[in-house]
Amino acid sequence: MSLIRITSPHAHRPGNTGSVMLTVLMATLPGLAAMTFFFGWGTLIQVLWGSLLAIALEAACVKLRQRPVSFYLTDYSALVTAVLIGLALPPFAPWWVMTVGIIVAIIIAKQLYGGMGSNPFNPAMVAYALLLVSFPIQMTSWAGPFVMNGDGWAVVSLGDTLSAIFGTAGAAVDAHTMATPLDIMRHRGGFTTEEMWVKDALLANGIGAWHAVSAAYFMGGVFLLYKKIFTWHTPVAMLASLTLLATLSFLLMPDQYPDPFFHLTTGATMLGAFFIATDPVTSATSNKGKLWFGAGIGLLVFVIRTWGNYPDAVAFAILLMNLCAPFIDQYTQPRSYGHAKPNRGMK
Amino acid sequence: MKNTIRVHQFHGGIHPPENKKQSTGAPISLAPLPSRIILPLQQHIGLPADPIVKVGDRVLKGQRVAEAIGRISANIHASISGTVVDIGPHPVPHVSGMDADCLVIESDGQDEWIEHQGLPDYTQLAKPELIEYIRQAGVAGMGGAGFPTDVKLHLGDDHIVNTLIINAAECEPYITADDMLMRERADEILGGIEIIAHLLKPLHIMVGIEDNKPQAIRALHDALDKSHLNLDIVITPTKYPSGGEKQLIKLLTGVEVPSGKIPADVGIVCQNVGTTTAVYRAVILGEPLISRIMTVTGESANHKQNYEVRIGTPIADLLNHSGVDRAQMQRLIIGGPMMGITVTNEQIPVIKTTNCLIAASIHEMPPQPPAQACIRCGMCEQVCPAELLPQQLYWFAKGKEFDKARHHNLFDCIECGACSYVCPSNIPLVQYYRFAKAEIRKEDDEQRKADHARLRFEARLARLERDKIEKEERRKQRAIEAAAAQAAKKDAAFNKAASPATNNPTDAGVPDLKQLKSNAAIARTKLRKAEKALANAQDKGLDGIETLQATLKQLQLKSELAEKAYTEAQQAPAKSAAAPETDLKQLKSNAAIARTKLKKAEKQLAAAEAGGEGDIDALKAQVVALQAKSADAEKAYQAADSGTVSPVAIDTSALEAEIATLQGKVDKAENAWKAAVESGSPAAEKMAAGVEKLKEKLTGLQAELTQARSAVQPAATVDTSALDTEIATLQGKVDKAENAWKAAVESGSPAAEKMAAGVEKLKEKLTGLQAELTQARSAVQPAATVDTSALDAEITTLQGKVDKAENAWKAAVESGSPAADKMAAGVEKLKEKLKGLQAELTQAKGHLETNAEGKAEEAPAIDLKALKQQVSIMRTKLKKAEKQLAELPEGEDNASLMAEIEALRARHDAAKASFDAAEADKIAAAASEGIDLKQLKIDAALARAAVTKAERALSKAEQESKQSLETELLSIRAKADKLNATLERFSD
């Protein structure tokens, strides 16, 4: 056997980017399960439909770019994007909403920038933000959690869900759609938060479903931390800054601002903190930078939720901080071994 | 076993599979004696060693075969006994895979040691000698880079070494050489540490060892119990790369070696544990570094174990000895899997730094899968022991943004490979960094070269600029000189031609004609242009037609005038000079040629007559014929000459020239006669007769000249100038003669009296000429102006001479020369002369002032300029000379320079005086018409200021420079007085 000549190192840890992505996918399973459990088949169908589209589009794009298709498909990054969009969309969103979202995410936000690793913005969040701006009605009609119904488990049958998503028979699920807790809290008219907690049925009875889903995402995130897929810096900084601001405002005016727990456990806070803000491609890269990046997201989430026009703010906040990431990188170089202080700025 | 001191942490690090157990099963065994060894001349950092044996030499085991060159280098010794068979390039263990110079020794199988002896009582030796002893043994770092150990041992000289760290971490997977060494030879290690500690005198000694070597730790502890060494064995957690020098230092001391510094800068010296045994063997046993412990391992090796291997053993021997399955072996690595290098040639030898040989199978080290895109996951950052941002460095290296890479501390990368190890995208990160580093080094090199070139270029430009300036200055100097020459010429021309206005226009007729013609042509062209413009303007109805018409009219007038002038000029010379001019010249030269021929013939005749030889009759006939010819030519010339109106001027000048030549002849003849008389030659009488003849001829000519002059009025001006020059020449002769006479007097020569007579004669002549000059001047009115200036110049020259003479006299007085008295008389005489001239000048001036107010103005103006120029030239020369003098080193002979300066100064003063006089004249003239009294006043004030300044300078000046200052003061004072006088005159 002829000897090969190659420079060091000669040892390599097993695994590749595909396995990283698979781990992330695995970590989304509790969240997916919780969503399906509380909100019906819709989320699962969205995820599957989105994945199908994403794989097809990714393959088409890679082929057009004349690169080996299987090599690129097995990094599973398209799949992660599709799953994240699927988890973020309302369960009964029509099929074309997901289709538009995947086209935007895979083609525009990712492949047009050069594929995995080259996109400045998180593709899932680009898609989500575009859909939210373009189709506000479809994007804000959320399914009601089953716990609110007295008669038990399956709120909407699989068949009804499928026809609601892929057919025109939206009427079957209309009765089961409602706003999200964040939406309700936003448009509460002249009522105080205290009053809303009592008055609104969802907030009074259905909020537990949201808590459970957030907890599931949190578990997935902890799993990823344990697997060292990402470091603690971004999620902790994001959750901490959000908690801090929410606590301060709640302590100052408890009847006007929801409590911090509400901020942490509703909307996409946990999904964003552990699965989207931690996207390494689009976030700041050094540990210090990740702290700033996460804190910025937390701040923006609170600001947009409180004073903005949209019910949830995670997508916008992350996109805005994606914009800042390269700048943050310039000023958050770590102090290298043997250096008195870190280098800053550009050269 | 517990650590007694705290272990710190370094950032990052990885835990690759250790793969160490495989090779620790068997004890260290001696590798078989190789049949031949290959010793690379460079097995260390620094300069390669220089071979000191030749091909064919027999060498013994332990014999030095190559010696260190320079401070950072190491000796190389034969590890077997045998014959040197080759010195040349062979494959060596280097990452480049290139060959390098090696010594090849064929074994004789006897393994015969050279005589060697240890130094058990090394403490008796002075430190430098002990270090030299270690250097002689060729000990170099055996851990990684192979830094010559003696250099590190010298660190105690200029650094304060607090801590000695023995690196026994051995963090790379697979390698167990140090582990086994510690297990089996702990005593040697401690012995080596003792020697190193003796040299460095550290306060604290630490052995850093990873916790995956418990047996080694135990062995060290056991050995330590028996030793009196005081050291700490520090157990560190197993983590790659804790064996990196900087990382181990951080682990054991918490101190970071500053970027770009060495550990000794923070009081720490690191030595590899293998090096300590080498030191021990070198010092205690006297064995140079000829063998080392190394691991042979890898899946394709049958016996994975450690060997004591002779340096230079080809790795093929070891592979064979270990039963490596070549079919299975896919990657052969020297060193560890993280930082080792692959080799493809089994003839590559083991060197001092070779600690491991991994014969890896494809299962063990599969080829790297293709790299995926970097997702900036940051895993590399988490493991980087240098705390860099490998993901960013990767982007910068890939994008060739080397500035940014450098800014992100690329050069702090130790290339440990941890980042590549963890990269999920399988990006060969370290290769990117090596690429970037190499590129940056190349860029820096090029930058350095470019800077060098730029500096050289700038220096060249500066040099060229300097040359240019110097050239320019030289050119200016030349221009000044040329201007001076021009001015002198102009002066002469001026003197000769008087004012062109008063002179005959035919003189300038020829060039004038051309000028006039071109003038007329230009005027015509201009006129046509103007006409065209006018027509154009009229066509288009433009503005300004009236102005154009006016211009046209003017141009028409001008053109007409020019044409007229031209035609007039054309017609005028046609009548008079233009044609005869050339004829006349021809005739004149004909006459001159005839004369010359005649003279030659006459000379020949005379010679023949004197010698009484040759065909005298023939010669006589020839002379007669020539005489006739000459007379003819002369006649023709005179006829032509008299036909014209003006050529009288030429006539007289020709006459003058003739007279001058004749006079020269007379002088020569007289001299020859005198010489003859002195030497008592019989030819003297004849000569005297010749002289008489010549004199007669001269008188005749002179009479002719006077006649010609009196006949022609306008030529008078020329006359005087000619006279002037004559006088000047004569005066020069007088001076020369006087000098000669003085010299003669001084030297007591008997010829002095005769000379004195000659001088007297010359002087008489001079006076005669001067009288003539005065006469001529009084006769010619317009020439008066020129006259005064000439007189002025004469006076100044004379004054210079007076000064010179006075100086000489003073010098003579000082030196007590007997010639002083005579000299004084000479000076007196000169002064008298000067006075006479001055009187003459005043007379001439008075004459001028009363007679030629208007006319005089133009001439002095020109005069003044020329004079001024002269003054400035003189000043420049003077300054130059003075500078030269100043630059002359003290004690050198500067007398000649001084004399020169004196002369120059005199000349300068003279020029200045003449200038001043002329200026005063001008001012007077101007003032008489009421011009600028103010300026005068200012000048006067300035002059007064200059006087005070000079006075002050004088009072300050030392004795030496006093004299020159005094003269300067005098001249300035004179100037001031003069100005004041003028001022007073006018302010009344």
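Reading the values: the criteria
- Residues numbered from 1 in each chain as written.
- Chains lettered and ligands numbered in written order.
- Predicted model: local features only at pLDDT ≥ 70, side-chain atom pairs only at ≥ 80, totals over all residues.
- UniProt positions renumbered as here; feature names shortened; annotations may be inferred.
- Pairing = 2+ DSSP bridges.
- Helix = DSSP H or I, 4+ residues; strand = E, 2+ residues; numbered from the N terminus.
- Expected span 1.5 Å × (residues − 1).
- Buried ≥ 20, exposed ≤ 12 C-beta atoms within 10 Å, placed from the backbone.
- Core = buried A, V, L, I, M, F, W, Y, C linked by C-beta atoms within 7 Å.
- Contact = placed C-beta atoms within 7 Å.

Per an unreviewed UniProt entry, chain B goes by the name Ion-translocating oxidoreductase complex subunit C and belongs to Amphritea opalescens. Check the Function (unreviewed entry) section of the UniProt entry for chain B; it says "Part of a membrane-bound complex that couples electron transfer with translocation of ions across the membrane." On record in UniProt, under Subunit (unreviewed entry), the comment for chain B is "The complex is composed of six subunits: RnfA, RnfB, RnfC, RnfD, RnfE and RnfG."

Naming follows an unreviewed UniProt entry, where chain A appears as Ion-translocating oxidoreductase complex subunit D of Amphritea opalescens. For the record of chain A, the UniProt heading Subunit (unreviewed entry) holds the text "The complex is composed of six subunits: RnfA, RnfB, RnfC, RnfD, RnfE and RnfG." UniProt's Cofactor (unreviewed entry) comment on chain A is quoted here verbatim: "FMN".

**Student:** Explanation requested: the sheet that holds strand β5 (residues 64-67) of chain B in the structure shown.
**Tutor:** Strand pairing in a sheet takes place through backbone hydrogen bonds and is either antiparallel or parallel in direction. Residue and element names in this part refer to chain B. What the 3 strands build is an open sheet, ordered β3-β5-β6; its pairing is antiparallel. Strand pairing shows two members of the sheet lacking a second neighbour, β3 (50-51) and β6 (76-77), which therefore form its edges. Note that β3 and β5 share 2 bridges and pair antiparallel. Considered in β5, the bridge of Asp 50 is made with Glu 67.

**Student:** I keep staring at helix α5 (residues 186-200) of chain B and nothing clicks. Help me out?
**Tutor:** One turn of the α-helix equals 3.6 residues, which is why residues spaced by three or four share an orientation. Residue and element names in this part refer to chain B. Between its terminal C-alpha atoms α5 stretches 21 Å, which fits the 21 Å expected from 15 residues at 1.5 Å a residue. Judged by how many residues are buried, α5 sits mostly within the fold: 12 of 15 residues are covered. Phi turns positive one or two residues past the end of α5, at Lys 201, with a value near 50 degrees.

**Student:** Could you clarify how one ought to interpret the pairing of strand β9 (residues 163-167) of chain B in this entry?
**Tutor:** Both faces of the sheet carry side chains from a regular strand, because those side chains alternate between them. Residue and element names in this part refer to chain B. For β9, a buried count of 5 out of 5 residues is recorded, marking the element as mostly surrounded by other parts of the structure. Alternating residues of β9 divide into Thr 163, Ile 165 and Asn 167 and Leu 164 and Ile 166, and every residue in both groups is buried. Here β9 runs beside strand β10 (residues 204-210); their pairing, made up of 5 bridges, is parallel. Within β10, the position partnered with Thr 163 by the bridge is His 204. Strand direction decides the pairing type here: β9 and strand β12 (residues 268-272), joined by 5 bridges, are parallel. Bridge pairing in β12 links Leu 164 to Val 269.

**Student:** Would you take a moment to explain the nonpolar core for this structure?
**Tutor:** Here is a general trend for soluble globular proteins: nonpolar side chains tend to be buried in one another's company. In terms of nonpolar packing, the biggest core is built from 236 residues, with Ile 85, Ile 102, Ala 127 and Ile 318 of chain A together with Ile 134 of chain B touching the most fellow members. Top contributing element to this core by residue count: helix α12 (residues 201-226) of chain A, with 10 residues. Excluding anything up to four places from it in sequence, Ala 127 of chain A contacts Ile 85, Gly 101, Ile 102, Val 104, Ala 105 and Ala 109 of chain A. If you look at the next biggest cluster of nonpolar residues, it comprises 11 residues, including Ile 873, Leu 904, Ala 906 and Ala 917 of chain B.

**Student:** Help me understand the UniProt feature "modified residue: FMN phosphoryl threonine" (unreviewed entry) in chain A in this model?
**Tutor:** All names here are of chain A. Mapped onto the present numbering, the UniProt feature "modified residue: FMN phosphoryl threonine" (unreviewed entry) falls at Thr 180. For Thr 180, the position within the fold is in the loop between β2 (177-178) and α10 (181-186). Its 21 C-beta neighbours within 10 Å are what place Thr 180 among the buried residues. Those residues in contact with Thr 180, other than ones at most four positions away along the chain, are Trp 142, Gly 267 and Pro 311.

**Student:** Sorry, what's going on with the UniProt feature "coiled-coil region" (unreviewed entry) in chain B here?
**Tutor:** According to UniProt, the "coiled-coil region" (unreviewed entry) feature falls on residues 454-489, 513-711, 752-779 and 820-982 of chain B. Helix makes up 100% of residues 454-489 of chain B and strand 0%. Its end C-alpha atoms lie 50 Å apart.

**Student:** What is the right way to look at the UniProt feature "binding site: [4Fe-4S] cluster 1" (unreviewed entry) in chain B in this model?
**Tutor:** Residues and elements named next belong to chain B. Here, UniProt's "binding site: [4Fe-4S] cluster 1" (unreviewed entry) annotation points to Cys 374, Cys 377, Cys 380 and Cys 423. The greatest C-alpha distance among the annotated residues, which extend across 50 residues, is 10.8 Å, indicating that they converge on a single site. Relative to the helices and strands, Cys 377 resides in the loop between β17 (356-361) and α10 (379-383). Residue Cys 377 is classed as buried on the basis of its 25 C-beta neighbours within 10 Å. One can find Cys 423 in the loop between α13 (418-422) and α14 (429-497). With residues near it in sequence (within four places) discarded, Cys 423 still touches Met 379, Cys 380 and Leu 429.

**Student:** How do you make sense of unusual backbone geometry when you look at a structure like this?
**Tutor:** Most peptide bonds take the trans form, and the phi angle of most residues other than glycine is negative. Note the cis peptide between Ser 8 of chain A and Pro 9 of chain A, where omega equals 0 degrees. Locating Pro 9 of chain A in the fold gives a position in the segment before α1 (17-39). Omega for the peptide link from Tyr 240 of chain B to Pro 241 of chain B comes to 0 degrees, which places this bond in the cis form. Mapped onto the elements of the fold, Pro 241 of chain B is located in the loop between β11 (232-236) and α7 (245-253). If you check the backbone angles, Glu 170 of chain B has positive phi at about 45 degrees while not being a glycine.

**Student:** Hey, could you run me through the pairing of strand β15 (residues 329-334) of chain B in this one?
**Tutor:** Residues and elements named next belong to chain B. Counting buried positions along β15 gives 6 out of 6 residues, so the element sits mostly inside the fold. Summarising the sheet, β15 and β17 pair through 5 bridges and their orientation is antiparallel. In the sheet register, Met 329 faces β17, and the bridge partner there is Ser 361. Where β15 meets strand β16 (residues 341-342), 2 bridges bridge the pair, whose relative direction is antiparallel. Bridged to Ile 334 within β16 is Ile 341.

**Student:** Explain helix α4 (residues 77-88) of chain A here, please?
**Tutor:** Residue and element names in this part refer to chain A. Helix length check: α4, at 12 residues, gives a terminal C-alpha distance of 17 Å against a target of 16 Å (1.5 Å per residue), a fit within 8%. For α4, the buried fraction is high: 12 of the 12 residues fall into the buried class. All buried positions along α4 are accounted for by Ser 77, Ala 78, Leu 79, Val 80, Thr 81, Ala 82, Val 83, Leu 84, Ile 85, Gly 86, Leu 87 and Ala 88. Against α1, α2 (42-64), α5 (95-110), α6 (123-134) and α15 (269-276) lie the buried residues of α4.

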